Amino acid sequence: MIKVTIDDVEIEVAPGTTILNAARQAGGDLVPPAMCYYSKLPGTGGKCRTCLVEVAAGSTADPRPMPKLVASCSTPVMDGMIVKNKTSERVHTNRGGVVEFLLVNHPLDCPICDQAGECHLQDLGYEHGSAKTRYREERRTFSPIDIGNKIKLHMNRCILCYRCVAVANQLTDSRVHGVMHRGEHAEISTYIENAIDNDFSGNMIDVCPVGALTDKTFRFKSRVWFLKPYEAECACNKCSGKAVVWMFGNEIFRVTARKDKYGEVETIEDKTAWICNDCRFDKKDPSNWTLIGPRKIDRHSVISQGKYATKNDNNPKLLR
Amino acid sequence: MSRKLLIEHAEVPGITSFETYRKHGGYASVEKALKTMSPEEVVEEVKKSGLRGRGGAGFPTGMKWSFLAKPEGVERHLVCNADESEPGTFKDRYLMEKLPHLLIEGMITSSYALGARRSYIYIRGEFMYVLRILEKAIAEAYANGMLGKNILGSGYDLDLVVTPGGGAYICGEETALLESLEGKRGNPRMKPPFPAVKGLWGNPTVVNNVESIAAVVPIVNEGGEAYAKIGIERSTGTKLISASGNLVRPGVYEIELGLSVEEFIYGDNYCRGVANGKKLKACIPGGSSVPILPHYLVTKTAAGTDRLMTYESLADGGFASGSMLGSGGFIVFDEDQCIVRNTWNFARFYAHESCGQCSPCREGTGWMEKVL
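Position numbers for residues start from 1 in each chain and track the written sequence from start to end. Starting at A for chains and at 1 for ligands, labels are handed out in the order in which the entities are written. Two thresholds apply to this predicted model, a pLDDT of at least 70 for residue-level local features and 80 or more for giving and counting side-chain atom pairs, whereas whole-chain, interface and lining totals are computed over all residues. The side-chain quantities take in all heavy atoms of the structure and omit both hydrogens and water.

A. Representation of the overall build of chain A in the model. Looking only at helices and strands, chain A has eight helices and 15 strands in total. In this treatment the radius of gyration is a C-alpha quantity, and the globule benchmark scales as 2.2 Å times the residue count to the 0.38 power. A compact globule built from 320 residues should have a C-alpha radius of gyration of about 20 Å, and chain A, at 20 Å, falls within 12% of that. Between two residues, a contact is recorded if the distance between any of their heavy atoms is within 4.5 Å. Put simply, 65% of the contacts in chain A that link residues at least 6 apart link residues at least 24 apart. All accessible areas in this document rest on Shrake-Rupley with a 1.4 Å probe, and a residue is counted as covered only by the protein chains that are shown. Element-wise, carbon and sulfur atoms account for 50% of the exposed surface of chain A, whose accessible area totals about 15,200 Å². In chain A, 44 positive and 39 negative side-chain charges are present, and the distance between their average locations comes to 3 Å. Runs of H or I in DSSP of at least four residues are treated as helices and runs of E of at least two as strands, each being numbered from the N terminus. A positive count includes Lys and Arg, and a negative count includes Asp and Glu. His and the chain ends are not counted in either. Here the site of a charge means NZ on Lys, CZ on Arg, CG on Asp, or CD on Glu.

Written out as structure tokens, the structure is:
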């Protein structure tokens, strides 16, 4: 085990752990945000630069500070490393800069975006963004493409985190979409207009940090904060069947995987509980599901407002 | 005029053919290394020479070689980065076009030092005619027993493959180059693991610039110590400089590191001053990605000392009043040139060539272009 100090908190982690994962082990508000890194998808990270941190001392052996801020998701810790996240003014300024970059071409269509309320870019914008924009030029737009009747791709909102590419690579038999073109013109697309359709493609929606990939069966049905999330279970031969159903009254509006406070799909019984497209898109009848209890949503304060989860703890029937 | 170690024979008629190259002392380093030296000894000579990577970053080549992981039973590779796409730099093209056998000789000697059995030259897609020159030279080297099985009876086998890229600036970055070489989208990889541990096809790989590999030839021939005597302090040996812009005599020059910038711009043996009797306005000494120097910081540093053509002296003053030797793309501007327009031109280049993987570059370079 090696010792590392993050924002004055000393922790011991296994060698080879990245700074971000070390911070997550320590927990609390010293954890840097991550828009592209997804711990359940190997190979992700290093792209969005929102997790930049300052390394004030490289290691006990070589205590020199690192000259540039580093991406905490892809930098392994060293014994005696001192990292500054919340306590570094430089990190705060630079992260604000990254958020500004992410927002220059991002359409501010949050009022009609299905991701609103659970969008990581909204959270970051709230924390770091400025009320004014310095960008006076035209925003980049893409012509919409149809990727099937279940998933809506809204490319203008995409921040190119590559998570959905990783999902298609690692969860499905064959990947039919990817990143086309480069630089500013880079876009998520299928080479020939093609539906992305296989049993696990819906997980692309869950990993998308913004509203670029949304659920067509839920599109414009409701704002997420009007819905009550319940942990639910069903017998499924394709996936674990452990999901969250989002209800209004007796109606299921949408189904998602169970996500932790970092917005990542939870590990249940040593497996990442991805859910299959049948569970996500087709099982909208409450009789398909056994409700376990209210789901507390840590990350998104809007949803957990009004102490919904504590009020109705373990008594979902109250809502009926 | 300083000694030329690399391009001395560049203008000899017929030097692109194996026979003429051999007559002028070619492939001597291969004979010396394979017949009289162990691979470790070759690495040791390169370390002693103080050679620093000529692609731009200036990382010591010998040290890079010694980082190469050597697990049992795993193949290793040497990849030559010939994806020369930095605006203002054209030395590698010149070298490959004029002296294809020098690069091949360097590849054989370096591959031997690293224990690579299959080496690659990744050449920029726009250089198709250079690719043909190299392919012809490689075929000649195979025919004359310098490549293939049991080279010069030493028992060492080497295959050399030259592959063109798709013409993307980003593929000059070593991990993006490896991705592209594997047939994937040329996006840089996450590091660690570094290529020295997991590179091409997951095997330990060294990626070196054309000029660095070519410099191994004189280093092996004359010894690392003799090479280290040329130059000043940690900037040893000779360097190819691609001089362009408003100069009387632009072109590729081989200089001994430590030459003064003043001598390089105004000297009779070099560029002979700014063209048409104009005044110097600014200079970019190392290719478009290094800081631009205003006229008063070109020949003197901010501290008033002479600016020399070395890694250290050009970087004197950091990003505030210094620049970098970079890849040696020496661009000179006279008083009539518009720096804003030039900056816009470069910004346009970077916006066009950004791979779009990381957000600050993807969004920032496009924004820069639009602002300018």
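B. Looking closely at empty space enclosed by the protein. Residues and elements named next belong to chain A. A pocket here means an open set of points on a 1 Å grid, computed over the protein atoms alone, that has protein on both sides within 12 Å along at least five of seven lines. A cavity is instead a set of points where a 1.4 Å probe fits but cannot get out; residues with an atom within 4 Å of a point line either one. Grid points are joined across faces, edges and corners, and a volume is the space filled by probe spheres set on the points. This structure, assessed with the given rule, holds two cavities of 30 Å³ or more. Taken as a whole, the largest cavity spans an internal volume of roughly 130 Å³. Q115, E118, I205, R254 and T256 are, among the 14 residues lining the largest cavity, the residues nearest its centre. Listing elements by their share of the lining of the largest cavity, those giving two or more residues are α5 (203-207), β9 (213-215) and β12 (251-256). Class assignment for the residues of the lining of the largest cavity results in four nonpolar, three polar and seven charged. The space that makes up the second largest cavity amounts to roughly 90 Å³. Along its surface, the second largest cavity is lined by 14 residues, and C158, C161, C164, C208 and A212 are the ones closest to its centre. Classification convention: Asp, Glu, Lys, Arg as charged; Ala, Val, Leu, Ile, Met, Phe, Trp, Tyr, Cys, Pro as nonpolar; all other residues, Gly among them, as polar. Within the lining of the second largest cavity, the residues separate by chemical class into 13 nonpolar, no polar and one charged.

C. Structural context of the packing of helix α2 (residues 28-36) of chain B against helix α6 (residues 100-114) of chain B. Residue and element names in this part refer to chain B. Viewed as axis vectors pointing N to C, α2 and α6 meet at an angle of 15°, and their least axial separation amounts to 9 Å. For the element pair α2 / α6, the angle class is roughly parallel. Handedness of the α2/α6 crossing: left-handed. On α6, the residues that touch A28, S29, V30, A33 and L34 of α2 are E105, I108, T109 and Y112. Tallied by class, residues from the contact of α2 with α6 come to six nonpolar, two polar and one charged. To obtain each axis, a line is fitted to C-alpha atoms, and for helices this fit is confined to the stretch in contact; angles are then taken between N-to-C directions over 0 to 180 degrees. Should an angle lie under 35 degrees it is considered roughly parallel, over 145 roughly antiparallel, and from 65 to 115 roughly perpendicular; all remaining angles are considered oblique. Crossings are classed by handedness, with left-handed meaning an anticlockwise turn of the near helix from the far one by less than a right angle and right-handed meaning a clockwise turn.

D. Looking closely at the side chain of H106 of chain A. All names here are of chain A. Structurally, the position occupied by H106 is in the loop between α2 (89-104) and α3 (120-128). Given a relative accessible area of 7%, H106 falls into the buried group. Distance and chemistry together define a polar contact, namely a pair of N or O atoms within 3.5 Å, with one atom able to donate a hydrogen and the other to accept it when in protein, and with adjacent residues in sequence counting only for side-chain atoms on both sides. One polar contact links the side chain of H106 to the main-chain carbonyl oxygen of R157, over a distance of 3.1 Å. In contact with H106, not counting residues within four places along its chain, are L121, R139, N156, R157, I159 and V210. For every residue, the accessible area (1.4 Å probe, protein chains only) is compared with the maximum for its type, and the residue is labelled buried under 20%, exposed over 50%, or partly exposed between those bounds.

E. Molecular detail of the environment of A139 of chain B. Residues and elements named next belong to chain B. Counting through the fold element by element, A139 comes out in helix α7 (residues 128-143). On the basis of relative accessible area, A139 is assigned to the partly exposed category, the value being 44%. Separated by 26 residues in sequence, A139 and G165 place their C-alpha atoms 20 Å apart.

F. Expanded view of the nonpolar core. The nonpolar core is taken to be a set of buried Ala, Val, Leu, Ile, Met, Phe, Trp, Tyr and Cys residues, with the residues joined through side-chain atoms within 4.5 Å. Ranked by size, the top nonpolar core spans 63 residues in total, and within it Y27, M96, L103, I104, I108, I121 and I123 of chain B carry the most contacts. Here M96 of chain B is in contact with A82, L103, I123, F127, V130, I133, L134 and V210 of chain B, once residues within four sequence places are set aside. With 61 residues, the next largest nonpolar core counts V91, L124, V210 and C236 of chain A among its residues.

G. Broad picture of the confidence of the model for chain A. With 93% of its residues at a pLDDT of 70 or more, chain A shows a mean pLDDT of 88. You can read pLDDT as the predictor saying how much it trusts each residue, on a scale of 0 to 100. Low confidence marks residues 306-320 of chain A, where pLDDT is under 50. Its contacts with residues over four positions away, or in another chain, come to 17 contacts.

H. Main features of the pairing of strand β7 (residues 177-180) of chain A. All names here are of chain A. The criterion for strand pairing is that DSSP finds at least two bridges linking the strands in question. Taken together, the four bridges between β7 and strand β8 (residues 187-190) define a ladder with antiparallel strand orientation. Within the sheet, the bridge partner assigned to G178 lies in β8 and is S189. The antiparallel hairpin formed by β7 and β8 contains six residues in its connecting segment, where H181 sits at a positive phi of about 60°.

I. Representation of the sheet that holds β12 of chain A within the structure. All names here are of chain A. Here four strands make up an open sheet; going across it, the order is β12-β11-β10-β15 and the pairing antiparallel. Edge positions in the sheet fall to β12 and β15 (290-294), since each has one partner strand and no second. Taking each pair of neighbouring strands and ignoring which way they run, the sheet shows an average axis angle of 40°. Of the strand pairs in this sheet, strand β10 (residues 228-233) and strand β11 (residues 242-248) are connected by six bridges, and their pairing is antiparallel. Pairing of P229 across the sheet is with W246, part of β11.

J. Fine view of a nonpolar patch on the surface. On the surface, a nonpolar cluster with roughly 330 Å² of combined accessible area is contributed by W225, F226 and F248 of chain A. Here F248 of chain A shows up in strand β11. Patch membership is restricted to residues that have no salt bridge and whose relative accessible area is over 30%. Joining uses 9 Å for like charges and 5 Å for the nonpolar side chains Val, Leu, Ile, Met, Phe, Trp and Tyr. Whenever a carboxyl oxygen of Asp or Glu lies within 4 Å of a side-chain nitrogen of Lys or Arg, that contact is scored as a salt bridge.

K. Inspection of the interface of chain A and chain B at higher detail. The interface of chain A with chain B comprises 30 residues on the first partner and 24 residues on the second. Overall, the association of chain A and chain B removes approximately 2,100 Å² of surface from exposure, summing both partners, and the carbon and sulfur fraction of that is 55%. Once two parts are put together, the accessible area they lose, assessed with a 1.4 Å probe and summed over both, is termed the buried area. Interface area lost by chain A to chain B is led by F101, R182 and E184 of chain A, which between them contribute 31%. On the surface where chain A and chain B come into contact, there are three salt bridges. For the pair chain A and chain B, the interface holds 15 residue pairs in polar contact (both at pLDDT 80 or more). The element best represented in the side of chain A that touches chain B is α2 of chain A, accounting for five residues.

L. Highlighting the sheet that holds strand β2 (residues 118-123) of chain B. Residues and elements named next belong to chain B. Strand order in the open sheet formed by four strands is β3-β2-β1-β4, and the pairing between neighbours is parallel. Lying at the two open borders of the sheet, with one neighbouring strand each, are β3 (159-164) and β4 (205-209). Ignoring which end each strand starts from, the neighbouring axes of this sheet average 20° apart. Packed on one face of the sheet, helix α9 (residues 210-222) meets β1 (77-82) and β4 and runs near 90° to β4.

M. Highlighting the pairing of strand β5 (residues 81-84) of chain A. Residue and element names in this part refer to chain A. Alternating residues of β5 divide into M81 and V83, all buried, and I82 and K84, none buried. Summarising the sheet, strand β3 (residues 52-57) and β5 pair through three bridges and their orientation is antiparallel. From the neighbouring strand, A57 faces β5, where its bridge partner is I82.

N. Examining the packing of α6 of chain B against α9 of chain B more closely. Residue and element names in this part refer to chain B. Between α6 and α9, whose axes approach to 8 Å, the crossing angle comes to 75°. When the axis of α6 is compared with that of α9, the two are roughly perpendicular. Residues L102, L103, E105, G106, M107, T109 and S110 of α6 lie in contact with α9, whose contacting residues are V210, I213, A214, V216, V217 and V220. When the residues that make up the contact of α6 with α9 are grouped by side-chain class, the tally is nine nonpolar, three polar and one charged.

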